[in-house]
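As a plain string of letters, each chain reads:
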Amino acid sequence: MKSDARQGDLKIEWAREHMPVIGEIRKQFEKDKTLKGHTIGMALHVEAKTAVLVETLAAGGAKVAITGCNPLSTQDDVALALRKRGIQCYAKHGCSTEEYYRAIDAVLNYRPDVTIDDGADLIFRIHADRKELIPEIIGACEETTTGVHRLKAMHADGALKFPVIAVNDAKTKYLFDNRYGTGQSALDGIIRTTNLLIAGKNVVIAGYGWCGRGVAMRAKGHGANVIVTEVDSVKALEARMDGYRVMPMEESAKIGDIFLTTTGNIDIITKEHFKLMKSGAILANAGHFNVEINLNQLMEMATNIKEIRTNIDEYVLEGKKLYVLGKGRLVNLATGDGHPVEVMDMSFANQALCVKYIIEHGGALENGVYNVPQEIDELVARLKLKFMGVQIDEMSEEQKRYVSGWEHGT
Ligand code: ADE
């Protein structure tokens, strides 16, 4: 039997082997000690791919302190393996809300000058309760859509007190991580947790952003009848023309076998919908916070609740049974291993390069939310293609002149 730390080590080794882009960045960081003298505070999902990012930053000379960004996504063996290598890691699977914020504070006690968030809890804590840290912070990075929305709202209110790079919004992040990553990992979470067949089922996807598009595409590939719910008319139209049925949640509630929320908003599935659902319906969430399925209402309606299988709670109500996966927390990480490794290679390569960018340029940036510099996005794409052994064409000088000119017509 492997000890927990050994198991964590092996998970990290497996991830590292499949993350060549960040591996390349690590070589450069190690050689130049790019991050020497800096302290990086992180609140991310503590699992193997994240550990590869942590060791890359540490290889660049940074002091790193990390905690989780969700109470159920931490893999304790990976956390232990990180601690064994001298990384200050405070993440714990199944922590209470109080423990969660205590761990956030423990990271902040290292007085980071750069932070990396997935969901903006670290940044929010700094602005709410640890304002004394603000003058030392050069800047920050944010990993996910929900965090970027939160930060843009903070900035619009004039509340954001340092520059933040929206790593989520890099093309080499959201087009792959949000779409193919969530597409595969959310379905993987549902499949491995339930051991049920997707083919032939009505799979209802709430939200047709990049995550919703990804899971809809993959559920269709498994033979599901995919139904999309949306509030945005353009996205609804896109879903319809991508070949899915589109209808309000109230209609899909009556026919869905599996529900997956990907909206980033509250109260997507509520008591009105629970009442309409068929017995046996499965409910899961792939959004960052556990707010999309109203579990308080479901609990109030239930006459009995039991864990029928690991990560599946059975709610008995009104003569039927509804099943909730991973306590309504993001299903790909609460019940699975998160996104596929190759996808996180690109997301975390962006993170590492953006940390370097902040250190080099953060002092000159105003407070606000910034896009990932295009050079970084393009570098990540080029490296990924290189490691995949894919070559592409190059424009001739004549073609460059043609596409940048305006004289040519019919
Ligand atoms: N693994 C580490 N961070 C992740 C994220 N934001 N989404 C999915 N898997 C992850």
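Bear in mind that the values here come from a model prediction, so they are computed numbers and not experimental data. (Residues numbered from 1 in each chain as written. Predicted model: local features only at pLDDT ≥ 70, side-chain atom pairs only at ≥ 80, totals over all residues. Heavy atoms only, no water.)

Visitor: Is there a simple way to explain the overall build of the protein in this structure?
Guide: Each helix and strand counted, the protein has 17 helices and 15 strands in total. In summary, the protein has a C-alpha radius of gyration of 22 Å against a globular reference of 22 Å for 410 residues, a match within 12%. With the principal axes as the frame, the protein shows a C-alpha extent of 65 × 65 × 50 Å. Each of the 410 residues in the protein was classed as buried or not, and the buried ones make up 54%. Residue pairs at least 24 apart in sequence account for 69% of intrachain contacts in the protein once pairs closer than 6 positions are excluded. Carbon and sulfur atoms make up 51% of the accessible area of the protein, which totals about 18800 Å². A gap of 4 Å separates the mean positions of the 50 positive and 55 negative side-chain charges of the protein. (Helix = DSSP H or I, 4+ residues; strand = E, 2+ residues; numbered from the N terminus. Rg over C-alpha atoms; globule rule 2.2 N^0.38 Å. Buried < 20%, exposed > 50% of the residue type's maximum accessible area, 1.4 Å probe, protein only. Contact = heavy atoms within 4.5 Å. Areas by Shrake-Rupley, 256 points an atom, 1.4 Å probe, with all protein chains shown as cover. Lys, Arg positive; Asp, Glu negative; His and termini not counted. Charge placed at Lys NZ, Arg CZ, Asp CG, Glu CD.)

Visitor: In this structure, what is going on with the nonpolar core? I would like to understand it.
Guide: One broad trend across soluble globular proteins is that nonpolar side chains are buried collectively. If you look at the biggest cluster of nonpolar residues, it comprises 49 residues, and the most contacted ones within it are Ile40, Met42, Leu57 and Val355. Of the residues forming this core, the biggest block, 11 residues, is contributed by helix H15 (residues 341-361). Apart from residues no more than four positions distant in its own chain, Leu57 is found in contact with Phe29, Leu35, Ile40, Met42, Ala62, Val64, Ile116, Ala352 and Val355. Among the nonpolar cores identified, the runner-up in size contains 24 residues, and Leu187, Ile198, Ala219 and Val331 belong to it. (Core = buried A, V, L, I, M, F, W, Y, C linked by side-chain atoms within 4.5 Å.)

Visitor: What's the story with the packing of aromatic side chains in this structure? I'm lost.
Guide: A ring pair, where both rings are aromatic, is described by two values, the distance of the centres and the angle of the planes. Overall, the coordinates contain five aromatic pairs when judged by the stated rule. Measuring from ring centre to ring centre gives 5.6 Å for Tyr174 and Trp210, while their planes differ by 45 degrees; the resulting arrangement is tilted. Remark: Trp210 occurs in helix H9 (residues 210-221) and Tyr174 occurs in helix H8 (residues 171-194); sequence separation between them is 36 residues. Taking the centre distance of 6.0 Å and the plane angle of 70 degrees together, the rings of Tyr208 and Tyr244 count as edge-to-face. One end of the pair, Tyr208, is in the loop between strand S7 (202-206) and H9; the other, Tyr244, is in the loop between helix H10 (233-241) and strand S9 (245-246), and 36 residues separate them in sequence. Tyr244 sits in the buried class, given a relative accessible area of 5%. For Arg150, the ring lying beneath its charged end belongs to Phe124, and the centroid distance is 5.0 Å. The ring centre of Trp210 lies 4.2 Å from the NZ or CZ of Arg213, which sits over that ring. (Phe/Tyr/Trp six-rings, centres within 6.5 Å; stacked < 30°, edge-to-face > 60°. Lys NZ or Arg CZ within 6 Å of the ring centre and 35° of its normal.)

Visitor: What is the right way to read the pattern of salt bridges from this model?
Guide: Side chains that differ in sign of charge can pair as their charged atoms come close. A complete count under the given rule lists 29 salt bridges for this structure. Between Arg102 and Glu98 there is a salt bridge, with its nearest N and O atoms 3.3 Å apart. Of the two residues, Arg102 and Glu98 both sit in helix H5 (residues 97-108), four residues apart, roughly one turn of that helix. Residue Arg102 shares its accessibility class with Glu98, and that shared class is exposed. In the salt-bridge network here, residues are joined through shared partners; they are Asp9, Arg16, Arg26, Glu30, Glu55 and Arg85. (Salt bridge = Lys/Arg side-chain N within 4 Å of Asp/Glu carboxyl O.)

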